[in-house]
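What follows is the residue order along each chain.
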Amino acid sequence: MSYSQKHPNPRVIVIGAGIGGLMMGLLLGKAGITYQIFERSSHVRTLGALMSINANILPVFEQLGLMEEVENISLRNRWSGIYNSKMKQIAKIGMEDYKGCTGYDFLVFSRPEFCDVLLRQIPKDRISFNKRILKMRKCIDGTRIYCSDNSIYEGDIVIGADGAYSSVRHNMHKMMENDGLRILKDNSDMPMPYLCMVGTTNPLNPEKYPQLKDPLTHLHHVVGDAVFSWTVITIPRNRFCWSVMAQIKNQGEAKEQRFRNSEWGPEANNALIEQVKDFPITFGGTLGDMISATPKERVSKVMLEEKLFDTWHYGSVVLIGDGAMNAMQDAVVLVNCLYDLLDCSPESITAAFEDYKSQRYSHAKKQVAYSKLNAKVSSGQTFAERAIRHLVLNYIPASVKAKQFSKAAAYRPQIAFLPQIRDKGSIKSLPNRPSKRAMYEESIQRKRRAVAVYDSSEVSASTISFSEAGYTLGEKKCSTEIQYRPV
Ligand SMILES: Cc1cc2nc3c(=O)[nH]c(=O)nc-3n(C[C@H](O)[C@H](O)[C@H](O)COP(=O)(O)OP(=O)(O)OC[C@H]3O[C@@H](n4cnc5c(N)ncnc54)[C@H](O)[C@@H]3O)c2cc1C
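None of these values were measured; they are calculated from a predicted model. (Residues numbered from 1 in each chain as written. Predicted model: local features only at pLDDT ≥ 70, side-chain atom pairs only at ≥ 80, totals over all residues. Heavy atoms only, no water.)

### Re the side chain of Ser 110
Relative to the helices and strands, Ser 110 resides in strand S7 (residues 106-110). A distance of 3.4 Å separates the side chain of Ser 110 from the side chain of Thr 200, its partner in a polar contact. Each residue touching Ser 110, except ones within four places of it in the same chain, is listed here: Gly 48, Ala 49, Thr 200, Ile 235 and Cys 241. (Helix = DSSP H or I, 4+ residues; strand = E, 2+ residues; numbered from the N terminus. Polar contact = N/O pair within 3.5 Å; in protein donor to acceptor, adjacent residues only side chain to side chain. Contact = heavy atoms within 4.5 Å.)

Written out as structure tokens, the structure reads:
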């Protein structure tokens, strides 16, 4: 089948208004695809602390014209310091010339403000709040979702952007089981649990904390002696984001914590605060000073786990996320595949989902492996993890690090149907696949323009032939850059 000028317009349901869901909505809007986001909370939750984005996603923000907005809420990062519990620096990680290499800054910000940037791009009536999705069922035209308020909706496509403990994933697995399919690989628990508490302070006095005056961020991570590690970082408007991670080595306790803290909830845990409040920080004072400067309702606590699931889609249901960078890159690649959808038949939808997974899987796998290693290096407390930290921080040759960095920085997916951003740094981007539909539409435009010129031309040419570069009108070669009258 080939493209026609009549495009399918699937009704897309997005579950979850976190970073993945908001990004997905924004992109679907750009693609002209009808969508509705369903979020279980009464609003987009303004919780969370430190997040960062870099060249792996910033070209997309440039395409969307949102660079300035993101820069306004961010500080640029050049280096992060790793310290031991005596506040002695044990490593400095980063790259002075990140921008020269990639064309972009490495930006850090507070999660709620980033969510706001995305939210502002989405028309208010495209998000339905207080809609917790409980179950899903296949129906003739796609999938039906059932919400906790007894409302039911139907979509040609359902996108699960509902976080690490996705109800959509759970329901998708059930649908597969009902159809006699087994999904063994995805049934295991997520390993490597850390209990994490985060917050963002109120504005503090820059005379007391002079690092707040610096336009570059100060990101300091401390590895404690037994269970804990903690990070404090400057963000715009004289504030700090902080986080404290406790490694849970006992699997029984991990399961119990997972049961109680699988969601990012507003929960300033007094017992945990008591344990960590006297930890020193490199900015002077203690972690307790940061916690005291944070309104209780803006402290949240969660179990941090990471796992790459093998089943990404079934029928008309597809998953994106979790992890901010992965969620946003997933959204970009998925919208590219949906933009190129030939029609709304189950075959075409499955083909689009397979295409999405084939483009994303290996990158997501690398990202998850990197995150796991990063967690071991920055927060692992077992003997083996301490050994890995020592090895990674002290013995990996600069040339190996540079090679790894170049590989990671080269992956910069873009929105295929918007004008592409050219490479600006010394590290070339991996090629981005152009949109078939956008190319088809461009060729139609070219033909129209050429016919328009032919119609108004004195040249008595009998043929017009087309190529990528332009067209030939009789003997005359023309480029498509010329302005023509509209047909
Ligand atoms: C409140 C909150 C605070 C966070 N704070 C941090 C942080 O400080 N640092 C950090 O690195 N990461 C944080 N994260 C995680 C981070 O935002 C995500 O891992 C990452 O952005 C990927 O986003 P996501 O959209 O896939 O998932 P999430 O950001 O987890 O969003 C999932 C959304 O789906 C909604 N949802 C879940 N189940 C249902 C359902 N059944 N029906 C309808 N809606 C549902 C949730 O309410 C949520 O809004 C936080 C996430 C949340 C939700």
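### Some points on the nonpolar core
Counting 63 residues, the largest nonpolar core has Met 23, Leu 28, Phe 61, Phe 114 and Ile 159 as its most contacted members. Ranked by the residues each element gives to this core, the list is headed by helix H10 (residues 324-339), at 10 residues. Beyond its immediate sequence surroundings of up to four residues, Ile 159 is in contact with Val 12, Ile 13, Val 14, Ile 15, Met 24, Leu 28, Val 318, Ile 320, Leu 334 and Leu 338. Residues Leu 195, Val 222, Ala 246 and Ile 281 belong to the second largest nonpolar core, which totals 27 residues. (Core = buried A, V, L, I, M, F, W, Y, C linked by side-chain atoms within 4.5 Å. Buried < 20%, exposed > 50% of the residue type's maximum accessible area, 1.4 Å probe, protein only.)

### Looking at the UniProt feature "transmembrane region" (unreviewed entry) in the protein
Per the UniProt record, "transmembrane region" (unreviewed entry) is found at residues 12-33. Here residues 12-33 runs as 59% helix and 18% strand, with 8 Å between its end C-alpha atoms. (UniProt positions renumbered as here; feature names shortened; annotations may be inferred.)

### Comments concerning the packing of H10 against helix H11 (residues 346-379)
Closest axis-to-axis distance for the H10/H11 pair is 9 Å, and the angle between their directions is 160 degrees. By the criterion of interaxial angle, the relationship of H10 to H11 is roughly antiparallel. For the pair H10 and H11, the crossing hand works out as right-handed. Listed contacts from H11 to Asn 326, Gln 329, Asp 330, Val 333, Leu 334, Cys 337 and Leu 338 of H10 are Ala 352, Phe 353, Asp 355, Tyr 356, Gln 359, Arg 360, Ala 364, Gln 367 and Val 368. Partitioning the contact of H10 with H11 into residue classes produces nine nonpolar, four polar and three charged. (Axes fitted to C-alpha atoms, helices over the stretch in contact; angles between N-to-C directions. Parallel < 35°, antiparallel > 145°, perpendicular 65-115°, else oblique. Left-handed = near helix turned anticlockwise from the far one by under 90°. Nonpolar A, V, L, I, M, F, W, Y, C, P; charged D, E, K, R; others polar.)

### Section: the side chain of Ser 85
By the element assignment, Ser 85 lies in the loop between strand S5 (79-84) and strand S6 (89-94). Sequence-distant contacts of Ser 85, defined by excluding residues within four places in its chain, comprise Val 222, Val 223, Gly 224, Asp 225 and Pro 280.

### Focus on the pattern of salt bridges
Within the structure shown, the criterion is met by 20 salt bridges. For Asp 179, the salt bridge goes to Lys 138, with nearest N and O atoms at 2.5 Å. Residue Asp 179 is found in the loop between helix H6 (167-178) and strand S13 (194-200), and its partner Lys 138 is found in strand S9 (residues 133-139); the two are separated by 41 residues along the sequence. On the basis of relative accessible area, Asp 179 is assigned to the partly exposed category, the value being 39%. Here Lys 138 falls in the partly exposed class, since its relative accessible area comes to 48%. The salt bridge partner of Glu 207 is Lys 213, with a shortest N-O separation of 3.4 Å. (Salt bridge = Lys/Arg side-chain N within 4 Å of Asp/Glu carboxyl O.)

### Brief notes about the site of the ligand
Surveying the vicinity of the ligand reveals 32 residues, the closest of which are Gly 20, Glu 39, Ala 49, Arg 111 and Asp 322. A distance of 3.3 Å separates an oxygen atom of the ligand from a polar atom in the backbone of Ile 19. Within the backbone of Gly 20, an N or O atom sits 2.7 Å from an oxygen atom of the ligand. When the free accessible area of the ligand is taken as 910 Å², the share hidden by the protein chains comes to 90%. (Near = heavy atom within 4 Å. Areas by Shrake-Rupley, 256 points an atom, 1.4 Å probe, with all protein chains shown as cover.)

### Considering the sheet that holds strand S4 (residues 75-77)
Across a sheet, paired strands are connected by hydrogen bonds in the backbone, their directions being either parallel or antiparallel. The sheet built from three strands is open, its strands ordered S3-S7-S4 with antiparallel pairing. Edge positions in the sheet fall to strand S3 (50-53) and S4, since each has one partner strand and no second. The mean inter-strand angle of the sheet, taken between neighbouring strand axes irrespective of direction, is 40 degrees. Bridge count for S4 against S7 is three bridges, and the pairing is antiparallel. Opposite Asn 77, over in S7, you have Phe 106 as the bridge partner. Lying on the sheet, helix H5 (residues 111-119) is in contact with S3 and S7; it crosses S7 at an angle near 100 degrees. (Pairing = 2+ DSSP bridges.)

### Focus: the packing of aromatic side chains
As enumerated under the stated definition, the model contains 12 aromatic pairs in all. On the numbers, 4.6 Å between centres and 20 degrees between planes, the contact of Phe 109 with Phe 114 is stacked. Residue Phe 114 is classed as buried on the basis of its relative accessible area, which comes to 1%. Ring centres of Phe 240 and Phe 283 lie 5.0 Å apart, and the angle between their planes is 65 degrees; this geometry places the pair in the edge-to-face category. Of this pair, Phe 240 sits in strand S16 (residues 239-247) while Phe 283 sits in the loop between helix H8 (270-276) and helix H9 (287-292); the two residues are 43 residues apart in sequence, bridging distant segments of the chain. Like Phe 240, the residue Phe 283 is buried in the burial classification. Here the aromatic residues Phe 61, Phe 109 and Phe 114 are joined through ring pairs into a cluster of three or more. The ring of Trp 79 is capped by Lys 92, whose NZ or CZ atom sits 4.9 Å from the centre of that ring. (Phe/Tyr/Trp six-rings, centres within 6.5 Å; stacked < 30°, edge-to-face > 60°. Lys NZ or Arg CZ within 6 Å of the ring centre and 35° of its normal.)

### Some words on the environment of Val 335
Mapped onto the elements, Val 335 comes out in helix H10. Sequence spacing of Val 335 and Leu 27 is 308 residues, and the spatial spacing of their C-alpha atoms is 6.5 Å.

### Notes on the packing of H11 against helix H12 (residues 383-395)
Where H11 contacts H12, the axes come no closer than 8 Å and their chain directions differ by 100 degrees. By the criterion of interaxial angle, the relationship of H11 to H12 is roughly perpendicular. On H12, the residues touching Leu 373, Lys 376, Val 377, Ser 378 and Ser 379 of H11 are Glu 385, Ile 388, Arg 389, Val 392 and Leu 393.

### Observations concerning the confidence of the model for the protein
In the predicted model, the protein carries a mean pLDDT of 88, and 86% of its residues have values of at least 70. Note on residues 479-487: pLDDT is under 50 here. Beyond four places in sequence and across chains, it has 17 contacts. (pLDDT = per-residue confidence, 0-100.)

### Quick notes on the pairing of S9
In the sheet, S9 pairs with strand S10 (residues 142-147) via six bridges, with the strands oriented antiparallel. In the sheet register, Ile 133 faces S10, and the bridge partner there is Cys 147. Linking S9 to S10, which pair antiparallel, is a turn of two residues.

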